[in-house]
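# Descriptive structure summary
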Amino acid sequence: MKTLIRNGRVALDGRIQSLDVLVEGERIAAVGAIEAASADRVIEAAGCYVLPGFIDFHTHVDDQIGPFYLADTYESATRVGLENGVTTLCTFVTQETGETLLTAMARARAKAEGRSHSDVLWHLTPTTFSPADIGSLRTLVHAGYHTLKLYTTYKKAGIYASYDRIEALFQSLGHLGTQFLIHCEDDELIEAVDASGLDLSKPISHARLRPEAAEVVAIERVAGLAIAHQAAMHVVHVSTLEGARHLVANRGRGDLSFETCPQYLFLDESWLARADGHRWLCSPPLRSDRAPFLELIRQGAADIIATDHCPFCSRDKDSWDGQDLRAVPNGMPGLGSLPHVTWKIWEDDPDRAALGLSTHVSLNPARRAGLGDRKGSLKPGLDADVVVLDPRGPERPLHSTLSTTHEAFPGFTTSLSLRHVLLRGETRVRDGQLTQPGTPTGRLLQPAPSIPPLT
Ligand SMILES: [Zn+2]
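Attention here is on the structure that accompanies the text. (Residues numbered from 1 in each chain as written. Predicted model: local features only at pLDDT ≥ 70, side-chain atom pairs only at ≥ 80, totals over all residues. Heavy atoms only, no water.)

## Here's the deal with the packing of helix α7 (residues 212–229) against helix α8 (residues 241–250)
For the pair α7 and α8, interaxial distance at closest approach is 9 Å and the crossing angle is 15 degrees. Taken together, the axis directions place α7 and α8 in an arrangement best described as roughly parallel. Judged by the twist between their axes, the crossing of α7 over α8 is right-handed. Facing Val216, Ile219, Glu220, Ala223 and Ile227 of α7, the residues of α8 in contact are Glu242, Gly243, His246, Leu247 and Asn250. (Axes fitted to C-alpha atoms, helices over the stretch in contact; angles between N-to-C directions. Helix = DSSP H or I, 4+ residues; strand = E, 2+ residues; numbered from the N terminus. Parallel < 35°, antiparallel > 145°, perpendicular 65-115°, else oblique. Left-handed = near helix turned anticlockwise from the far one by under 90°. Contact = heavy atoms within 4.5 Å.)

Printed below as a string of structure tokens:
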């Protein structure tokens, strides 16, 4: 089966060009001026952008965080993702207390396999570090699980890794090609904040409990360690101008990258001052003075734009008794909004916005995830994950998820329409709707090392 996508504005080699894209089977076959006679079917893309499938590098789905279960399953998350062009969902497998990482992976596999509409890639979050744990991490990295997530905070939740621990992991696993994804907020600095002077019934106090300095200090510490040990490091959800500038300034000294999220660009801490401000609690918190940060990101400073989609059920967010904001689960949805809100960074220049998506939401996340030889661009030989994006409307509200949770971007609208989304050559979405909602065809992208069966 050959499909020709013709007359579109195609993102290729860092430019937008008017070209045709030929898909054969699961792969991109050719890009250029191509005769329609060579294809079995033709998708007319005049007036549309033709982009590589999007990759949300940072999501949490189908998982329990503290006492709360997230609102999205693999089925519902990959549905809203794919309907908005996300052909690869990256999400986390976190080792729980008393279990091995392999057992956690078996749990996740049982939830994801056969239920995912998009492809899925796992980042692994180890939480214990015995010699046996390190041995199995080494095996997993060798087997193709390249991305490990570490936290410089959340000691009480049991997922904290000290700077010494992080340095030891850089030394023991860095040379294997491990990509370290790090949540940077300095735990000591957060613990040192005097909460006695804060009104904890006011969600805005969250921003004081987790100050900007905590992020900046942690970024400086781990970047220094990564440079010293030549470890590949990616900082997740950077929210501060100073943190972002530090990473940009040190980029040439090592393999450093970072992501930011739409909420840190388009929502500021005034959202926390609303009567329902607890719904916008996330960590790092929403910040003030977003204009200079947005301007830095407009210039292309962030390698990746990802959502940190973490959708708690409305009833769980709203079960808060209004006393101490630290009881509210931290996180908000974003997956379904990813291309739309990212577009707004450059919305005065549609070609630049389309290029921004192809760079920061396709190419760079594919490379950081170790998928650069399969996904992230429209080069011949790569998976035919293709988005045909129409910027001409109609205008409609954003839906970050279809699950029962609060919308992170209420009142925001988009004029982008997802005319076609191809997953490995098959049209899975037409005009923003799954073509076969009962038939999920997403794959788990990594090989299966000896994950024990669930008992
Ligand atoms: Zn996260």
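## Quick notes on the coordination of the zinc ion
Distances from the zinc ion to its protein donors, His58 (NE2), His60 (NE2) and Asp308 (OD), fall at 2.0 to 2.2 Å. In the primary sequence, the donor residues of the zinc ion line up as H-x1-H-x247-D. With a gap of 250 residues between them, His58 in strand β6 (residues 54–59) and Asp308 in the loop between β15 (304–305) and α11 (314–318) connect regions that are remote in the sequence. Residue His58 shares its accessibility class with Asp308, and that shared class is buried. (Donors = N, O, S within 2.8 Å, 3.2 Å for Na, K, Ca; no water. Buried < 20%, exposed > 50% of the residue type's maximum accessible area, 1.4 Å probe, protein only.)

## Overview of unusual backbone geometry
Going from Ser283 to Pro284, the amide bond is cis rather than trans, its omega being 0 degrees. The omega torsion across Gly393 and Pro394 is 5 degrees, close enough to zero to call that bond cis. As for its placement among the helices and strands, Pro394 is situated in the loop between β16 (386–390) and β17 (396–397). Unlike most non-glycine residues, Asp62 shows phi in positive territory, near 45 degrees. Take Asp62: it is sitting in the loop between β6 and β7 (64–65). On the basis of relative accessibility, which here comes to 10%, the residue Asp62 falls in the buried class.

## Observations regarding helix α4 (residues 163–173)
The complete set of buried residues in α4 reads Tyr163, Ile166, Leu169, Phe170, Ser172 and Leu173. The inward-facing, buried residues of α4 abut α3 (131–143), β11 (147–151), β12 (179–183), α7 and β13 (232–235).

## As for the packing of α8 against helix α10 (residues 291–298)
With their axes 10 Å apart at the nearest point, α8 and α10 run at an angle of 30 degrees to one another. Judged by the inter-axis angle, α8 sits roughly parallel to α10. Remark: the crossing between α8 and α10 carries left-handed chirality. Taking contact as the criterion, the partners of Leu241, Ala244 and Arg245 in α8 are, on α10, Pro292, Phe293 and Leu296.

## Section: helix α2 (residues 101–112)
Taking 1.5 Å as the rise per residue, α2 with 12 residues should run 16 Å; its terminal C-alpha atoms sit 16 Å apart, in good agreement. Turning to α2, its buried residues are Leu101, Leu102, Ala104, Met105, Ala106, Ala108, Arg109, Lys111 and Ala112. Those residues of α2 that are buried lie in contact with β8 (68–69), α1 (74–82), β9 (86–94), β10 (119–125) and α3. Where α2 terminates, the next one or two residues include Gly114, which has phi positive at roughly 80 degrees. (Expected span 1.5 Å × (residues − 1).)

## Observations concerning the pattern of salt bridges
Counted under the stated rule, the structure contains 28 salt bridges. Linking Asp119 and Lys375 is a salt bridge whose minimum nitrogen-to-oxygen distance equals 2.9 Å. Here the residue Asp119 occupies a position in strand β10, and Lys375 occupies one in the loop between α13 (350–368) and β16, the gap between them amounting to 256 residues. Taken as a pair, Asp119 and Lys375 share a single burial class, namely buried. Salt-bridge contacts for Asp119 lead to Arg424; the nearest nitrogen and oxygen are separated by 2.7 Å. With Asp119 in strand β10 and Arg424 in the loop between β19 (417–423) and β20 (426–430), the pair connects residues that are 305 residues apart, well separated along the chain. Via salt bridges that share partners, Arg27, Asp119, Lys375, Asp383, Asp385 and Arg424 belong to a single interconnected network. (Salt bridge = Lys/Arg side-chain N within 4 Å of Asp/Glu carboxyl O.)

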